[in-house]
Amino acid sequence: ANALRRYVPRALTAALVGMTLKTLALFYLFSHLPNGFWLNTLYVWVRRTGVGELTHALAGTNAWRIFFQSHIYLLPVIIGGCWYAICQPALSRKTWTLWILASAAFIVSLSRSLWMGLVVGLISTGLLVGAHDHRPSYGGIRRMIMAMMVSLALVFALFYAPPRPSGSLTNFFAARTDLSGAAVVSRWTLLPALWEGIKQHPLLGAGFGATITYASHDPRVVATTGGVYTTYAFEWGWLDHWFKFGLLGIPLMSWIVIRLLLCATRSSRTFWIRGTLMTSLIALAVIHMFTPYLNHPLGIVWLIGLEAWLSTERPT
């Protein structure tokens, strides 16, 4: 246990730094590389290694969205940074660096689901801090604002660095407010098909590997199948539990999340660590409504890791 406490935080920190640097490097390269061969090579490398997806965020520009599924692990880092800034008198240089890099990578992911989860996590943070009569200091609020400004400045610096790319970063962000995009339309098209699948096996569920076919507007799907898509992985995560596990699917997963929340509440860790665990888990549950993580290896590892970490506490 002592070895785990000593080496696991270092390994996680190294992995997070590597992921954020890779994200920001790809963001810069795709915004500036004029050579189509190198862009295509990088794109194929990312897609074949399965770490994420790169999509043109705005037609007619060099603005690209760099999204890794593992960006979900940035969520507790950003929320934890806010808790630490609220509860601690000062932040170390390493804490500042990790917080800013994680926030910048989170921004360029352009994931509406992740952004929504972060907003819910921050709102939960404010409510929990207020409920415990822990009034955040002016310095803590100032540090949070400063971290966000520096993160945004880093993203702008990478985008507008020479050679000057085409397009505007403002339009780059505004494009994600458009709810008529292919990804959003496909997600809403999946919903009635998923409901129909649930109705066929409402009590016992359809089981692992059960598929649903629906019309997708994803350009890659349209190019390969004409827009007809069959999948066993669904964007609506909570409904996915019902479809596969039956009527007990949602209550079972809710029980797991609530149980971990209660364990975090009773934890002997410091207040800011307990708060980070609870609000990050709430944010993950919200994200799961639109992007499935609690039934994805990345989310399952998060739950298992949290359970294991809480179980290593020394008795008080």
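Caption draft 1: Helix H10 (residues 237-245), seen in detail. Of all the 9 residues making up H10, 7 are buried; the element is thus mostly covered by neighbouring parts of the structure. What H10 keeps buried is the set Gly237, Trp238, Leu239, Asp240, His241, Phe243 and Lys244.

Caption draft 2: Broad picture of the packing of helix H5 (residues 112-131) against helix H12 (residues 271-287). Their axes nearest at 8 Å, the elements H5 and H12 cross at an angle of 140 degrees. Classified by the interaxial angle, the pair formed by H5 and H12 is oblique. Every pair of crossing elements has a handedness; the one defined by H5 and H12 is right-handed. For the pair H5 and H12, contact is made by Ser113, Leu114, Met116, Gly117, Val120, Gly121, Ser124, Thr125, Leu128 and Val129 and by Phe271, Gly275, Met278, Thr279, Ile282, Ala283, Val286 and Ile287, respectively.

Caption draft 3: Representation of the packing of H12 against helix H13 (residues 297-311). Between H12 and H13, the shortest axis-to-axis distance is 12 Å and the interhelical angle comes to 160 degrees. Comparing the axis directions of H12 and H13 gives the class roughly antiparallel. Crossing of H12 against H13: the hand is left-handed. Contacts from Ile273, Leu277, Ser280, Leu281 and Leu284 of H12 reach H13 at Trp302, Leu303, Leu306, Trp309 and Leu310. Split by residue class, the contact of H12 with H13 holds 9 nonpolar, 1 polar and no charged.

Caption draft 4: Region of interest: the pattern of salt bridges. Counted according to the given criterion, the structure contains 4 salt bridges. Close ionic contact of glutamate 53 with arginine 65 constitutes a salt bridge, the shortest N to O distance being 3.5 Å. Residue glutamate 53 is found in strand S1 (residues 52-56), and its partner arginine 65 is found in strand S2 (residues 64-68); the two are separated by 12 residues along the sequence. As far as the burial class goes, glutamate 53 and arginine 65 line up, both buried. The partner of arginine 259 in a salt bridge is glutamate 307, with the nearest N and O atoms 2.7 Å apart. Of this pair, arginine 259 sits in helix H11 (residues 249-265) while glutamate 307 sits in helix H13, placing them 48 residues apart in sequence.

What counts, and where the lines are drawn
- Residues numbered from 1 in each chain as written.
- Predicted model: local features only at pLDDT ≥ 70, side-chain atom pairs only at ≥ 80, totals over all residues.
- Heavy atoms only, no water.
- Buried < 20%, exposed > 50% of the residue type's maximum accessible area, 1.4 Å probe, protein only.
- Helix = DSSP H or I, 4+ residues; strand = E, 2+ residues; numbered from the N terminus.
- Axes fitted to C-alpha atoms, helices over the stretch in contact; angles between N-to-C directions.
- Parallel < 35°, antiparallel > 145°, perpendicular 65-115°, else oblique.
- Left-handed = near helix turned anticlockwise from the far one by under 90°.
- Contact = heavy atoms within 4.5 Å.
- Nonpolar A, V, L, I, M, F, W, Y, C, P; charged D, E, K, R; others polar.
- Salt bridge = Lys/Arg side-chain N within 4 Å of Asp/Glu carboxyl O.

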